[in-house]
Amino acid sequence: MRIDVVTVFPDYLAPLQLSLLGKAQEAGRLEAHVHDLRAFTTDRHRSVDDTPYGGGAGMVMTPGPWGAALDAVLAQGPEGARPRLVVPSPAGRVFTQDVAAEYAADPWLVFACGRYEGIDARVLEDARSRYDVDELSIGDYVLFGGEVAVLVVVEAVGRLLPGVLGNAESLAEESHTGGLLEAPTWTKPAQWRGLGVPDVLVSGDHARIARWRRDESLRRTASTRPDLLARLDVDGLDRADLAV
Ligand SMILES: COC(=O)c1ccnc(N)c1
């Protein structure tokens with residue numbers, strides 16, 4: 001997978017070089033390119049924003065540098081490819097594990113990091129002729145810019161890429177895989193500050209352990225995220241059992 005990020009704060013994306021994402025890049029599973037939007041400005045002040053038409057507080061990012069930047073990114077990628085342009089925005093569709101899986105299947109993601117009051121609407125309108133444009137929210141709150149959202153999305157997507165996670169099996173049991181929250185976990189020591197470990201987990205009965213973990217996962221989901229349960233058609237689930 002290739003990812004390109006256009007931003008006025010390239011340093012914000014430095015964490016992409018760390019940890020598993022750094023290793024994924026070394027292994028050639030992920031190719032990340034960060035572009036400074038100001039490199040596509042043409043004025044002496046390298047300006048990227050201006051006052052909004054119609055008035056109102058704050059500044060809007062001007063279309064010129066963005067158009068040039070998105071053209072340049074396209075020219076650097078595979079010939080004829082049509083990448084997905086992801087624009088982090090509080091007005092976007094909500095990013096979920098399912099969306100992460102969708103993105104993990106894309107060969108090329110381009111991220112446009114807006115700041116201030118956003119990017120001139122014509123940038124996305126123009127981009128739609130060459131990109132599949134996706135405005136994306138990481139939750140119902142507002143940030144200073146899209147860069148933090150890019151780090152969230154790239155980490156959630158990158159860990160789904162084949163070979164990036166040491167043990168791909170862990171993907172099957174984690175929260176939001178299959179729509180439920182994962183059961184609580186314990187490790188050594190067996191006793192800690194007077195607290196022990198559920199007997200079933202040291203029983204060695206793997207079928208019983210799997211059932212117990214499933215029940216704990218359902219209970220935790222019902223207690224913390226009943227909205228997730230409402231979406232699920234969990235076979236054989238008797239919701240009365242989940243009265244927590
Ligand atoms: C400037 O970008 C944001 O404020 C933003 C981006 C993605 N998700 C959000 N919830 C906010």
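Keep in mind that what you see is a predicted model, and the values were worked out from it rather than measured.

1. What about the overall build of the chain?
- What the chain contains, in helices and strands, is eight helices and seven strands.
- Relative to a compact globule of 244 residues, whose C-alpha radius of gyration would be 18 Å, the chain shows 22 Å and is clearly more extended.
- C-alpha extents for the chain along the principal axes are approximately 70 × 45 × 40 Å.
- Carbon and sulfur atoms make up 53% of the accessible area of the chain, which totals about 14200 Å².
- One finds the centroid of the 25 positive side-chain charges in the chain at a distance of 4 Å from the centroid of its 36 negative side-chain charges.

2. Remarks on the sheet that holds strand β5 (residues 84–94)
- If you walk across this open sheet you meet the five strands as β2-β1-β6-β5-β7, and the pairing is parallel. Two strands lie at the open edges of the sheet, namely β2 (31–36) and β7 (132–137), each paired on one side alone. Looking at each pair of strands side by side, their axes are set apart by 30 degrees on average, direction ignored.
- By the bridge criterion, six bridges tie strand β1 (residues 2–7) to β2 in an arrangement that is parallel. In the strand pairing of β2, V6 is matched with H35.
- Relative to β5, helix α3 (residues 97–104) is tilted by about 170 degrees, and along the sheet it contacts β5, β6 (108–112) and β7.

3. Points about the packing of α3 against helix α5 (residues 147–158)
- Running from amino to carboxyl end, α3 crosses α5 at an angle of 70 degrees, the nearest separation of the two axes being 8 Å. Regarding the angle of α3 to α5, the classification is roughly perpendicular. Counting all contacts with α3, which are made through A100, Y103 and A104, the residues of α5 involved are V153, A156 and V157.
- By residue class, the composition of the contact of α3 with α5 is six nonpolar, no polar and no charged.

4. Remarks on the packing of aromatic side chains
- All chains considered together, the criterion is met by three aromatic pairs.
- On the basis of an interplanar angle of 35 degrees and a centroid distance of 6.3 Å, the ring pair of F95 and Y103 is categorised as tilted.

5. Let's talk about the pattern of salt bridges
- Counting across every chain of the model gives 14 salt bridges.
- A salt bridge links R93 to E102; its shortest N-O distance comes to 2.9 Å.
- What makes R93 partly exposed here is its relative accessible area of 33%.
- Among the residues examined, E102 registers a relative accessible area of 33% and is labelled partly exposed.

6. A look at the environment of A68
- Within the element layout of this structure, A68 appears in helix α2 (residues 63–76).
- The partly exposed category is assigned to A68, whose relative accessible area is 33%.
- Separated by 78 residues in the primary sequence, A68 and G146 place their C-alpha atoms 19 Å from one another.

7. Some details on the side chain of E147
- Secondary-structure assignment places E147 in helix α5.
- Among the polar contacts listed, one links the side chain of E147 to the side chain of T7, at a separation of 2.6 Å.
- A polar contact is formed between the side chain of E147 and the side chain of R115, at a distance of 2.9 Å.

8. Quick look at the site of the ligand
- Every one of the 14 residues lining the ligand counts as a neighbour, but S137, I138, G139, Y141 and L143 are closest to it.
- Between the ligand and the protein, one listed contact pairs a nitrogen atom with a backbone N or O atom of I138 at 2.9 Å.
- In this structure, L143 approaches the ligand through a main-chain N or O atom, which is 2.7 Å from an oxygen atom.
- Considering the ligand on its own, with 310 Å² of exposed area, one finds that the protein chains cover 95% of that surface.
- Elements that contribute at least two residues to the shell around the ligand include exactly β5 and β7.
- Broken down by element, the residue count for the shell around the ligand peaks at three residues, all from β5.

9. Some thoughts on the nonpolar core
- Residues I3, F95, Y103, F111 and V153 are the most contacted members of the largest nonpolar core, which totals 26 residues.
- Contributing elements (two or more residues each) for this core: β1, α1 (19–26), α3, β6 and α5.
- Top element by residues in this core is α5. It accounts for six residues.
- In contact with I3, not counting residues within four places along its chain, are L16, L30, E31, A32, H33, L109, F111 and V154.

Calculation notes
- Residues numbered from 1 in each chain as written.
- Predicted model: local features only at pLDDT ≥ 70, side-chain atom pairs only at ≥ 80, totals over all residues.
- Heavy atoms only, no water.
- Helix = DSSP H or I, 4+ residues; strand = E, 2+ residues; numbered from the N terminus.
- Rg over C-alpha atoms; globule rule 2.2 N^0.38 Å.
- Areas by Shrake-Rupley, 256 points an atom, 1.4 Å probe, with all protein chains shown as cover.
- Lys, Arg positive; Asp, Glu negative; His and termini not counted.
- Charge placed at Lys NZ, Arg CZ, Asp CG, Glu CD.
- Pairing = 2+ DSSP bridges.
- Axes fitted to C-alpha atoms, helices over the stretch in contact; angles between N-to-C directions.
- Contact = heavy atoms within 4.5 Å.
- Parallel < 35°, antiparallel > 145°, perpendicular 65-115°, else oblique.
- Nonpolar A, V, L, I, M, F, W, Y, C, P; charged D, E, K, R; others polar.
- Phe/Tyr/Trp six-rings, centres within 6.5 Å; stacked < 30°, edge-to-face > 60°.
- Salt bridge = Lys/Arg side-chain N within 4 Å of Asp/Glu carboxyl O.
- Buried < 20%, exposed > 50% of the residue type's maximum accessible area, 1.4 Å probe, protein only.
- Polar contact = N/O pair within 3.5 Å; in protein donor to acceptor, adjacent residues only side chain to side chain.
- Near = heavy atom within 4 Å.
- Core = buried A, V, L, I, M, F, W, Y, C linked by side-chain atoms within 4.5 Å.

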